[in-house]
Amino acid sequence: MDTATCPTRITVYASTTNGALAKARDHLALLHARRAWHHPDSVPPTAADVIYAAARRRFTALTTHERETERTDSAREACHPPEYSALNDVMRELGELS
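Residues numbered from 1 in each chain as written. Predicted model: local features only at pLDDT ≥ 70, side-chain atom pairs only at ≥ 80, totals over all residues. Heavy atoms only, no water.

Colleague: Just checking my understanding: could you explain the overall build of the chain for this structure?
Modeller: Scanning the chain for helices and strands turns up four helices and zero strands. Reading the secondary structure of the chain in the N-to-C direction produces α-α-α-α. A buried classification covers 24% of the 98 residues belonging to the chain. Considering only intrachain contacts with a sequence separation of at least 6, the fraction spanning at least 24 residues in the chain is 38%. Total accessible area computed for the chain in this model is approximately 6800 Å², and 57% of it derives from carbon and sulfur atoms. (Helix = DSSP H or I, 4+ residues; strand = E, 2+ residues; numbered from the N terminus. Buried < 20%, exposed > 50% of the residue type's maximum accessible area, 1.4 Å probe, protein only. Contact = heavy atoms within 4.5 Å. Areas by Shrake-Rupley, 256 points an atom, 1.4 Å probe, with all protein chains shown as cover.)

Okay, structure coming up:
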């Protein structure tokens, strides 16, 4: 079954083939990190999984205002994709994002 958290396929739009491959690789790394977070024994951990998990724990411990500040700062700076995704996931789960 194709769901947002467990897709069976992805479609990537990019202006170049290399851009599409990089976007697909990043997206698949994020899906792996999310799966490792929710089902730790289901997949062997990767570096992106460790970064994502550490970021989730850190962002969960922050206040709503601190998470909003982190999100604003991350949008301005070149934030590591798993960290930014972890921040968005935490905020979405807490109802801070729609």
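Colleague: Could you clarify how one ought to interpret the nonpolar core in this entry?
Modeller: Counting residues in each nonpolar core, the largest one holds ten residues, listed as Leu 30, Ala 33, Tyr 52, Ala 55, Phe 59, Ala 86, Leu 87, Val 90, Met 91 and Leu 97. Taken together, the elements giving at least two residues each to this core come down to helix H1 (17–38), helix H2 (47–61) and helix H4 (81–93). Considering each element in turn, this core owes the most residues, four residues, to H4. Non-local contacts of Met 91, meaning those with residues more than four positions away in its chain, are made with Arg 67, Glu 68, Arg 71, Glu 96 and Leu 97. (Core = buried A, V, L, I, M, F, W, Y, C linked by side-chain atoms within 4.5 Å.)

Colleague: Hey, could you run me through the pattern of salt bridges in this one?
Modeller: Proximity of charged atoms lets side chains of opposite charge pair with each other. Counted by the stated rule, this structure contains six salt bridges. Across the salt bridge formed by Glu 96 and Arg 67, the nearest N and O atoms sit 2.6 Å from each other. Of the two residues, Glu 96 sits in the segment after H4 while Arg 67 sits in helix H3 (residues 64–76), which places them 29 residues apart along the sequence. According to the relative accessible area criterion, Glu 96 is partly exposed, its value standing at 24%. Arg 67 gets classed as buried once you look at its relative accessible area, which sits at 4%. For the salt bridge of Asp 89 with Arg 92, the shortest nitrogen-to-oxygen distance reads 3.4 Å. Of the two residues, Asp 89 and Arg 92 both sit in helix H4, three residues apart, roughly one turn of that helix. (Salt bridge = Lys/Arg side-chain N within 4 Å of Asp/Glu carboxyl O.)

Colleague: Just checking my understanding: could you explain the side chain of Ser 85 for this structure?
Modeller: Counting through the fold element by element, Ser 85 comes out in helix H4. Setting aside its immediate chain neighbours within four residues, Ser 85 contacts Leu 30 and Tyr 52.

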